[in-house]
Amino acid sequence: MRELAQARETVAKLAANEERLRLARDMHDLTGQSLSVITLKSDLAAKRLSRLPASAERDAALGDLGDIGLVSRQTLHDIREAVSGYRRPTLAIEAITARNALEAADIRLDDDPELTLRSGTFDAEAEAVLAWCLREAVTNVIRHSGARNCRIRLVQHPGELSLEISDDGHGPSGQEPDAPQGAGLHGMSERLSAEGGRLSLGTAEPGPGSRGGHGFKLTATVPVDHYDA
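A few points on the structure. Here the structure is a predicted model, which is why all the values come from computation and not from measurement. (Residues numbered from 1 in each chain as written. Predicted model: local features only at pLDDT ≥ 70, side-chain atom pairs only at ≥ 80, totals over all residues. Heavy atoms only, no water.)

What to know about the overall build of the chain
Next up, step 1: In terms of helices and strands, the chain carries six helices and five strands.
Next up, step 2: Ordering the α and β elements of the chain from the N terminus gives α-α-α-β-α-α-β-β-α-β-β.
Next up, step 3: For the chain, the proportion of contacts with a sequence separation of at least 24, taken over those separated by at least 6, is 72%.
Next up, step 4: Only carbon and sulfur atoms are counted for the fraction: they give 53% of the accessible area of the chain, which is about 13400 Å². (Helix = DSSP H or I, 4+ residues; strand = E, 2+ residues; numbered from the N terminus. Contact = heavy atoms within 4.5 Å. Areas by Shrake-Rupley, 256 points an atom, 1.4 Å probe, with all protein chains shown as cover.)

Below, the structure written as structure tokens:
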């Protein structure tokens, strides 16, 4: 019964995330284009008016058109900011995406149910950063590691939450800043730092089913002051 309740909760979270994404797409598509047209038309009208003989009435109309263009641009910017918020990535969604991507690449995944169960239970910005790190790390595993196995864990520490992604691939030697995935690692570090977190890179311990040798382990940590255990 507990597992059934957890499954239902997961389905409800995924449905809510999908609805937010749908609303974000609709908001952008329906209003974004209209505001862009308003901005363009006001600019064109202002150019035509500027060719007319100078007069107080013409100057007042130019001022009004300038205000219209300013308001439409600001509103379009605000809508895009709102849409980006609705599209904020979550651990639950990225965990499903990672599972599908790794399966398609023939890489065995050992993932953590906590990725889904804890999604939405702590600071949304902190979760978005961890979700983005999960996406980038899995992309690196698929493209660059040569791994056959990947392990993902979400670990709670006092005042912190850590996302751990490890594999049994080539190991840390391939994860250099000038390597193809270096920009992604640098981006992860910057995003984590902005949230007061940190990125750690190292060698993974061989796990069950691994090929032995040295793998790669990435740990993304964020502070969580008000976490619901």
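Points about helix α3 (residues 91–104)
Next up, step 1: When the terminal C-alpha atoms of α3 are compared, their 20 Å separation across 14 residues agrees well with the 20 Å that a helix rising 1.5 Å per residue should span.
Next up, step 2: Taken together, the buried positions of α3 are L91, A92, E94, A95, A98 and L102. Buried positions in α3, seen along its axis, are confined to an arc of 160° and lie on one side of it. Structural note: α3 exposes E103 and A104 on the side pointing more than 90 degrees away from its buried face.
Next up, step 3: Just beyond α3, the residue with positive phi is D106, at close to 60°. (Expected span 1.5 Å × (residues − 1). Buried < 20%, exposed > 50% of the residue type's maximum accessible area, 1.4 Å probe, protein only. Arc of directions from axis to C-beta.)

Section: the packing of aromatic side chains
Next up, step 1: This structure, assessed with the given rule, holds zero aromatic pairs.
Next up, step 2: The lysine or arginine in question, R191, covers the ring of W132, its NZ or CZ lying 3.8 Å from the ring centre. (Phe/Tyr/Trp six-rings, centres within 6.5 Å; stacked < 30°, edge-to-face > 60°. Lys NZ or Arg CZ within 6 Å of the ring centre and 35° of its normal.)

Brief notes about the pattern of salt bridges
Next up, step 1: Inspection of every chain in the model, using the stated rule, returns nine salt bridges.
Next up, step 2: In this structure, the salt-bridge partner of D59 is R58, at a minimum N-O distance of 3.1 Å.
Next up, step 3: Given the relative accessible area of 16%, R58 is considered buried.
Next up, step 4: Residue R135 pairs with E94 through a salt bridge whose shortest N-O separation is 2.8 Å. Of this pair, R135 sits in helix α5 (residues 124–145) while E94 sits in helix α3, and the two are 41 residues apart along the sequence.
Next up, step 5: Judged by relative accessible area, R135 falls into the partly exposed class, the value being 37%.
Next up, step 6: By relative accessible area, E94 is classed as buried at 8%.
Next up, step 7: The network of salt bridges with shared partners includes D110, R151 and R153. (Salt bridge = Lys/Arg side-chain N within 4 Å of Asp/Glu carboxyl O.)

Looking at the environment of D168
Next up, step 1: Positionally, D168 belongs in the loop between β3 (160–167) and α6 (182–194).
Next up, step 2: Residue classification places D168 among the buried residues on the basis of a relative accessible area of 6%.
Next up, step 3: As for D168 and T203, which are separated by 35 residues in sequence, their C-alpha atoms are 9.3 Å apart.
Next up, step 4: A distance of 2.9 Å separates a polar atom in the side chain of D168 from the backbone nitrogen of R148.
Next up, step 5: Within the local environment of D168, its side chain forms a polar contact with the side chain of N149, the two groups lying 2.9 Å apart. (Polar contact = N/O pair within 3.5 Å; in protein donor to acceptor, adjacent residues only side chain to side chain.)

Looking at the side chain of R153
Next up, step 1: Mapping R153 onto the fold places it in strand β2 (residues 149–157).
Next up, step 2: At a separation of 3.0 Å, a polar atom in the side chain of R153 contacts the side chain of D110.
Next up, step 3: With near-sequence residues (within four places) excluded, R153 lies in contact with D110, D111, D112, S162, L163 and E164.

Quick notes on a positive patch on the surface
Next up, step 1: A surface patch of positive charge is lined by K41, K47, R48 and R51.
Next up, step 2: Looking at the secondary structure, you find K47 in helix α1 (residues 2–50).
Next up, step 3: Taking relative accessible area as the criterion, K47 reaches 51% and is therefore assigned exposed. (Patch = residues over 30% accessible without salt bridge, like charges linked within 9 Å, V, L, I, M, F, W, Y side chains within 5 Å. Lys, Arg positive; Asp, Glu negative; His and termini not counted. Charge placed at Lys NZ, Arg CZ, Asp CG, Glu CD.)

Some remarks on unusual backbone geometry
Note on backbone geometry: most residues besides glycine have negative phi, and most peptide bonds are trans.
Next up, step 1: Even without glycine at this site, D106 takes up a positive phi of about 60°.
Next up, step 2: In this fold, D106 is placed in the loop between α3 and β1 (108–110).
Next up, step 3: Accessibility expressed as a relative area gives 68% for D106, which makes it exposed.

Here we look at α5
Next up, step 1: Compared with the 32 Å implied by 1.5 Å per residue over 22 residues, the 30 Å span of α5 between its first and last C-alpha is a close match.
Next up, step 2: Two or three places before E125, at the start of α5, stands the capping residue D123, its side-chain oxygen 3.2 Å from that residue's backbone nitrogen.
Next up, step 3: Immediately beyond the C-terminal end of α5, within one or two residues, lies G146, with a positive phi of roughly 70°.

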